[in-house]
Amino acid sequence: MILVLRALGVGDLVTAVPALRALRAAYPDRELALAAPGGLAPLVDLVGGVDRLVDTAGLDGPSWPGPAPQVAVNLHGRGPRSHRLLAAARPGRLLAFANADAGFGDGPRWVDDEHEVDRWCRLLSWYDIPTDRRDLGLRQPARVGRPAGATLLHPGSKVPAKRWPAERFAALARALDERGHHVLVTGSADERALATRVAEEAGLAPAAVLAGRTDLGALAALVADARLVVSGDTGVAHLATAYGTASVVLFGPVPPAAWGPPPDRPRHRALWVGEGDWRRWDGVGSHPTLTALRLDEVLAAVDEVERAVRVSGAVAA
């Protein structure tokens, strides 16, 4: 059995898809168990190749309850805590980044300034497991009964600093609605008040607020069928990349070089105003790299990605 640790969130799971697929191909006849939060189950099903989901949120859970895995793979972090959690499972072999604090030297060194997709592909490549960082797609989810072609605005984030100001999301919603977009506002249950504020200020109907009304499977279906997604640097942006849905991702404070969509895909646009010392900040509200981002810049990016979709459609035809 192969035990893989990735006990993080939506975006973390989607950026690990190429590595998970590589492990499936490398060990086709062994059970592949993924230690990740149970709430991610709908998305894990869409990855494919994972035989079992072990409900694991963070690194404070109990030790691995099953028999010792032949191989344990740390796709969670640099260690030492994640290394020790996997070592407690008594694997025959551990694949992980080198970490002296964990007493583990049999892996490549950690590189801070590396894209999250490339980080895990490089780890497996070091162990002679071939990877393809372009293999980001997810299976098509079941339809949710809502009309296809909606424009999804996702103003929330677990990290308040990564939120573009709500009044600008409202102005964007109003502008897109006037252009004929069917605008829906998504988010978690905790973000429903924010989504409602955006919709109300934009003059949208209450039914346009989907925050807290969709599980991850339904959200994936909405993204897969959407015309456009505009969000901050959060999980829904990675779903848009996975489904090739046109997207504009508003980055800050972390630059898109670490978590952004593939730069060679013109239907995805990452915006970041991070020149200067972007790490300096008073810690209140949205980060300056986001407050510096203007509405007209976002609308111009929307035009760019929609033009790219039309061009690719014409070429395919």
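Refer to the structure above for everything that follows.
So, here is what we can say about the structure in this document. Since the model is a prediction, treat every value here as computed from it, not as a measurement.

Quick look at the overall build of the protein chain now. Broken down by element type, the protein chain carries 12 helices and 10 strands. Dimensions of the protein chain, computed from C-alpha atoms along their principal axes, come out at roughly 60 × 45 × 40 Å. The proportion of buried residues among the 317 residues of the protein chain is 54%. Contacts in the protein chain between residues at least 24 apart in sequence constitute 60% of all its contacts with a sequence separation of at least 6. Entry remark: accessible area of the protein chain is about 14,100 Å², with carbon and sulfur atoms responsible for 51%. The centroid of the 36 positive side-chain charges in the protein chain is displaced by 2 Å from the centroid of its 36 negative side-chain charges.

With that settled, consider unusual backbone geometry. Residue Pro80 is bonded to the preceding Gly79 through a cis peptide linkage, with omega at 10°. By the element assignment, Pro80 lies in the loop between β4 (71–74) and α4 (81–87). Cis rather than trans, the peptide bond between Gly252 and Pro253 has omega equal to -5°. For Arg90, which is not glycine, the phi dihedral falls at a positive 60°. As for its position among the elements, Arg90 is in the loop between α4 and β5 (93–95). Located in the positive-phi region is Asp128, a residue other than glycine, with phi close to 65°. Take Asp128: it is sitting in the loop between α5 (116–126) and β6 (151–154).

Ordered in space as β7-β6-β8-β9-β10, the 5 strands form an open sheet in which the pairing is parallel. Sheet topology places β7 (183–185) and β10 (268–271) at the edges, where each strand pairs with a single neighbour. Each adjacent strand pair in this sheet contributes to an overall mean axis angle of 15°, direction not counted. Against the sheet, helix α9 (residues 235–243) touches β6, β8 (228–232), β9 (247–250) and β10, its axis set at about 145° to β8.

Another aspect to go through is the pattern of salt bridges. Should the charged atoms of two oppositely charged side chains come close, the side chains can pair. According to the stated counting rule, one finds 19 salt bridges in the structure shown. Across the pair Arg119 and Glu114 runs a salt bridge whose closest N-O atoms are separated by 3.8 Å. Residue Arg119 shares its accessibility class with Glu114, and that shared class is buried. We note a salt bridge from Arg294 to Asp296, for which the minimum N-O separation is 2.9 Å. The class of Asp296 is partly exposed, set by a relative accessible area of 44%. Look at the salt bridges and you will find they share partners, linking Arg6, Glu114, Glu116, Arg119 and Arg122 into a network.

Turning to the packing of aromatic side chains, a few remarks are in order. As enumerated under the stated definition, the model contains 5 aromatic pairs in all. Judged by centre distance (5.1 Å) and plane angle (75°), the ring pair of Trp126 and Tyr127 falls under edge-to-face. When its relative accessible area of 43% is taken as the criterion, Trp126 is described as partly exposed. Residue classification places Tyr127 among the buried residues on the basis of a relative accessible area of 7%. Among the aromatic residues, ring-to-ring pairing joins Phe97, Trp110 and Trp120 into one connected group.

Here we come to helix α6 (residues 166–178). Every α-helix carries 3.6 residues per turn, so stepping three or four residues along brings you back to the same face. The end-to-end C-alpha distance of α6 is 18 Å, a good match for the 18 Å that 13 residues give at a rise of 1.5 Å each. Buried within α6 are the following residues: Ala166, Phe169, Ala170, Ala171, Leu172, Ala173, Ala175 and Leu176. Two residues or fewer after α6 comes Gly180, characterised by a positive phi angle close to 100°.

Relative to the helices and strands, Asn99 resides in the loop between β5 and α5. Judged by its relative accessible area of 10%, Asn99 falls in the buried class. Non-local contacts of Asn99, meaning those with residues more than four positions away in its chain, are made with Arg78, Gly79, Pro80, His83 and Phe104.

Attention now moves to the environment of Val44. Here Val44 lies in helix α3 (residues 41–47). Between the C-alpha atoms of Val44 and Leu34, which are 10 residues apart in sequence, the distance is 8.7 Å. Excluding its chain neighbours within four sequence positions, the residues that come into contact with Val44 are Leu13, Leu34, Val50 and Leu53.

Pairing in this open sheet of 5 strands is parallel, and the strands run β3-β2-β1-β4-β5 from one edge to the other. The outermost strands of the open sheet, each flanked by one partner alone, are β3 (52–55) and β5. Averaged over all neighbouring strand pairs, the angle between strand axes comes to 20°, with direction disregarded. Bridge count for strand β1 (residues 2–5) against strand β2 (residues 32–36) is 4 bridges, and the pairing is parallel. Looking at the pairing, Ile2 lines up with Leu32 of β2. Set on the sheet, helix α2 (residues 17–26) makes contact with β1, β2 and β4; between it and β2 the angle comes to about 155°.

Reading guide: rules and limits
Residues numbered from 1 in each chain as written. Predicted model: local features only at pLDDT ≥ 70, side-chain atom pairs only at ≥ 80, totals over all residues. Heavy atoms only, no water. Helix = DSSP H or I, 4+ residues; strand = E, 2+ residues; numbered from the N terminus. Buried < 20%, exposed > 50% of the residue type's maximum accessible area, 1.4 Å probe, protein only. Contact = heavy atoms within 4.5 Å. Areas by Shrake-Rupley, 256 points an atom, 1.4 Å probe, with all protein chains shown as cover. Lys, Arg positive; Asp, Glu negative; His and termini not counted. Charge placed at Lys NZ, Arg CZ, Asp CG, Glu CD. Pairing = 2+ DSSP bridges. Axes fitted to C-alpha atoms, helices over the stretch in contact; angles between N-to-C directions. Salt bridge = Lys/Arg side-chain N within 4 Å of Asp/Glu carboxyl O. Phe/Tyr/Trp six-rings, centres within 6.5 Å; stacked < 30°, edge-to-face > 60°. Expected span 1.5 Å × (residues − 1).

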